[in-house]
Amino acid sequence: MVNCDIIHGDCIQILSTIPENSIDLIFTSPPYADQRRATYGGISPDKYVEWFLPAADQLLRVLKPTGTFVLNIKEKAVNGERSTYVLELILAMKKQGWLWTEEFIWHKKNCYPGKWSNRFRDAWERLLQFNKNRKFKMYQEAVMVPMGDWKHKRLSKLSETDKIRDTSKTVSGFGKNISHWLDRPKAYPSNVLHLATECSNKKHSAAFPEALPEWFIKLFTQEGDTVLDPFMGAGTTNIVANRMNRNSIGIEIVQEYCELVRQRLKPILQLPLLTQQYEIIRQKNCFEIH
Ligand SMILES: C[S@@+](CC[C@H](N)C(=O)[O-])C[C@H]1O[C@@H](n2cnc3c(N)ncnc32)[C@H](O)[C@@H]1O
């Protein structure tokens, strides 16, 4: 049986009630600067780092030493120039003690067409991976992909250097012996995820496609582990985590979204709806309530 805690409140305060080193994966998408002001608020780009750092500090505390934090974020262009607050945030989080270990790209396959005077349509978002240590849990076999047509085209014409492990000419340290992959049906994926956005009726304007948290939950957790989304929205991370037999915690500042997620989770958890009493106990800093 897995648990799901849906907590109404400001994540900066609520996170302080969560025990340290207790979370295996943090997967979240906070409000981006100045976007969606009309629905759930926005933060001005020049205040973004200052706004996010107290949450990042708490996230560093609650994450297990072997855990991973994946932050979905994308800076927008203002006055014909890209904002730099995401880059500044990475630098500030590194100073806070985080390691910036990887960056994944979510390519939005179904991005709508449009015409802008000085750029093309924005069809990707960042997924920044942060860790506390260089050694963290990662289950790479869980996300392997079929080798596909590439195998027939590329592996049918192997050069002599494709059959040895040589030193990369770009000094990337990547020695290749592509011939090893000849008989394998599956390969490891790249760090670019090609996923369509979903416009299903989740009653939230910025919900993830379910396949996005699903991929990272597979990669960084096992059954029984705990996944946290401190900016929960419509609860996509929590719903997917629970379906995959992971425990989850979701924090959301808008009460209406908390109720929405509780309704969506009901058939998954088959628990009675969490009541007002839950909120009262929660406010007394009690962590284990189910
Ligand atoms: C981009 S949305 C998340 C969408 C989510 N990934 C999903 O799939 O539905 C960000 C959410 O963070 C919430 N939020 C903003 N500030 C918050 C805070 N300080 N604490 C908790 N939630 C907050 C907003 O109300 C919004 O629902």
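From a predicted model like this one, the values you see are computed outputs, not experimental measurements. (Residues numbered from 1 in each chain as written. Predicted model: local features only at pLDDT ≥ 70, side-chain atom pairs only at ≥ 80, totals over all residues. Heavy atoms only, no water.)

> Help me out: how do you make sense of the side chain of E125 in this one?
Summarising the element assignment, E125 is placed in strand β7 (residues 124-131). Reaching out from E125, the side chain makes a polar contact with the side chain of K108 at a distance of 2.5 Å. (Helix = DSSP H or I, 4+ residues; strand = E, 2+ residues; numbered from the N terminus. Polar contact = N/O pair within 3.5 Å; in protein donor to acceptor, adjacent residues only side chain to side chain.)

> How do you make sense of the site of the ligand when you look at a structure like this?
In the neighbourhood of the ligand, 22 residues make up the surrounding shell, with H204, F208, A234, T236 and E252 lying closest. Take C11: an N or O atom from its main chain is 2.9 Å from a nitrogen atom of the ligand. Here an oxygen atom of the ligand and a side-chain polar atom of T236 are 2.6 Å apart. Among the residues making up the shell around the ligand, the classes are represented as 14 nonpolar, six polar and two charged. (Near = heavy atom within 4 Å. Nonpolar A, V, L, I, M, F, W, Y, C, P; charged D, E, K, R; others polar.)

> Would you mind going over unusual backbone geometry with me for this structure?
In most cases, non-glycine residues show a negative phi, while peptide bonds are predominantly trans. At N79, a position not held by glycine, the phi torsion is positive, near 50°. Mapped onto the secondary structure, N79 falls in the loop between β4 (77-78) and β5 (81-82).

> Explain the sheet that holds strand β2 (residues 23-28) to me, please; I cannot follow it from the model alone.
By way of backbone hydrogen bonds, the strands of a sheet pair with one another, either parallel or antiparallel. Ordered by their spatial adjacency, eight strands build an open sheet running β1-β12-β11-β2-β3-β7-β6-β10, and the pairing between neighbours is mixed. Since the sheet does not close on itself, it has two edges, and those belong to β1 (4-8) and β10 (192-195), each with one partner. Pairs of neighbouring strands in the sheet enclose a mean axial angle of 20°, with direction left out of account. Pairing analysis gives five bridges linking β1 to strand β12 (residues 247-252), with the strands arranged parallel. Considered in β12, the bridge of I6 is made with G250. Docked against the sheet, helix α4 (residues 85-96) engages β3 (63-73), β6 (99-108) and β7, running at close to 5° with respect to β7. (Pairing = 2+ DSSP bridges. Axes fitted to C-alpha atoms, helices over the stretch in contact; angles between N-to-C directions. Contact = heavy atoms within 4.5 Å.)

> Sorry if this is basic, but what is going on with the pattern of salt bridges here?
Here the idea is simple: oppositely charged side chains can pair when their charged atoms come close. As enumerated under the stated definition, the model contains 10 salt bridges in all. Close ionic contact of K218 with E214 constitutes a salt bridge, the shortest N to O distance being 3.6 Å. Of the two residues, K218 and E214 are both situated in helix α6 (residues 211-220); the distance of four residues between them amounts to about one turn of the helix. The exposure class assigned to K218 is partly exposed, which follows from its relative accessible area of 30%. Each member of the salt-bridge network shares a partner with another, and the members are K74, R82 and D122. (Salt bridge = Lys/Arg side-chain N within 4 Å of Asp/Glu carboxyl O. Buried < 20%, exposed > 50% of the residue type's maximum accessible area, 1.4 Å probe, protein only.)

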